[in-house]
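A structural walkthrough
Listed below are the residues making up each chain.
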Amino acid sequence: RNNLVTDCSFGILLSQVVGGVGGNRLLNNGVGLDIRRMGFLTDGNFLRVVNNDVMGGQVGMRFDSSSVLTFFRGFVVPNLGVHDNRLTGHSMPGLYGIEVVQPDPGFEIDARRNWWGSPAGPNPPGSEGADPAADNVSRGVNYAQPSPRP
């Protein structure tokens, strides 16, 4: 919580994480937040990623769904909440506010209620850079109900 990380290859790299990631400022990193493997919370959720400022760099947040699905083989993938974050500066093609690596049809990140640089929300998969103010998202991200302001 409450870290400032700038100009690094990885702002925060997490593996085998349970709990929450919040209140961080991740500026101009190659990948702001990289989550490789997650665990269960007692309330049935994976992880909460809330109230972070992730600006610039190549990828704001990256989640590796293949490691999550391998780790929880045979289980229903629980909720992963990514809410109330401010993701900006990832609007060029090939850059992502949130990227899911190897998205599986059974895996979706709940990324509702985030600011994407535009009140209309992010550029959906396949239309990267359409709105130059908005961040891009990959497949495997539920970006409905964007925050109307930062």
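Scroll up a little and you will see the structure.
Structural notes, computed from the coordinates.

Definitions and cut-offs
Residues numbered from 1 in each chain as written. Predicted model: local features only at pLDDT ≥ 70, side-chain atom pairs only at ≥ 80, totals over all residues. Heavy atoms only, no water. Helix = DSSP H or I, 4+ residues; strand = E, 2+ residues; numbered from the N terminus. Buried < 20%, exposed > 50% of the residue type's maximum accessible area, 1.4 Å probe, protein only. Contact = heavy atoms within 4.5 Å. Areas by Shrake-Rupley, 256 points an atom, 1.4 Å probe, with all protein chains shown as cover. Core = buried A, V, L, I, M, F, W, Y, C linked by side-chain atoms within 4.5 Å. Pairing = 2+ DSSP bridges. Axes fitted to C-alpha atoms, helices over the stretch in contact; angles between N-to-C directions. Salt bridge = Lys/Arg side-chain N within 4 Å of Asp/Glu carboxyl O.

1. Examining the overall build of the protein
Within the protein, the regular secondary structure consists of one helix and 13 strands. Helices and strands in the protein line up, N terminus first, as β-β-β-β-β-β-β-β-α-β-β-β-β-β. Across the 150 residues that make up the protein, the buried fraction comes to 49%. Contacts spanning at least 24 positions in sequence make up 66% of the contacts within the protein whose residues lie at least 6 apart. Of the roughly 7,100 Å² of accessible surface on the protein, 51% is carried by carbon and sulfur atoms.

2. Considering the nonpolar core
Leu33, Val49, Met61, Phe63, Val82, Ile98 and Ile109 are the most contacted members of the largest nonpolar core, which totals 23 residues. Breaking this core down by element, the ones donating at least two residues are strand S2 (10-14), strand S5 (31-35), strand S6 (45-50), strand S8 (59-64), strand S9 (79-83) and strand S11 (96-101). Other than its neighbours up to four places away in sequence, Val49 contacts Val21, Leu33, Ile35, Met61, Gly81, Val82, His83 and Asn85.

3. Describing the sheet that holds S5
Strands in a sheet are paired, the pairing made by backbone hydrogen bonds, and the direction either parallel or antiparallel. What the four strands build is an open sheet, ordered S2-S5-S8-S11; its pairing is parallel. Only two strands of the sheet have a single neighbouring strand rather than two, namely S2 and S11. Across the sheet, the mean angle from the axis of one strand to that of its neighbour is 10°, orientation sign disregarded.

4. Observations regarding the sheet that holds strand S7 (residues 53-55)
Read across the open sheet, the four strands follow the order S1-S4-S7-S10; overall the sheet is parallel. Edge strands, defined here as strands with exactly one partner in the open sheet, are strand S1 (4-6) and strand S10 (86-88). Strand-to-strand twist in this sheet, taken as the mean axis angle between neighbours without regard to direction, amounts to 5°. Bridge analysis of S7 against S10 gives three bridges, and the strand direction is parallel. Counterpart to Met55 in the pairing with S10 is Thr88.

5. Considerations on the side chain of Asn123
Among the structural elements, Asn123 can be located in the loop between strand S12 (109-110) and strand S13 (141-142). Setting aside residues up to four positions removed in sequence, Asn123 forms contacts with Ser91, Glu128, Gly129, Ala130, Asp131, Ala134, Asp135, Asn136 and Val137.

6. So, unusual backbone geometry
Of note in this structure, Asn28 is not a glycine but carries a positive phi near 55°. In this structure, Asn28 sits in the loop between strand S4 (25-27) and S5. By relative accessible area, Asn28 is classed as partly exposed at 47%. Within the chain, Gln145 stands out as a residue other than glycine whose phi angle is a positive 55°.

7. Some points on the pattern of salt bridges
The full count for this structure, using the stated rule, is four salt bridges. Residues Arg112 and Asp110 are paired through a salt bridge, measuring 2.7 Å at the closest nitrogen-oxygen approach. For Arg112, a relative accessible area of 26% puts it in the partly exposed group. Through salt bridges that share partners, Arg25, Asp53 and Arg86 make up one connected network.

8. Section: the environment of Met61
Positionally, Met61 belongs in strand S8. When its relative accessible area of 0% is taken as the criterion, Met61 is described as buried. Once the C-alpha coordinates of Met61 and Asp34 are considered, the two residues, 27 residues apart in sequence, prove to be 5.9 Å apart. Setting aside its immediate chain neighbours within four residues, Met61 contacts Leu33, Val49, Asn52, Val54, Val82, Asn85, Leu87, Gly97, Ile98 and Glu99.

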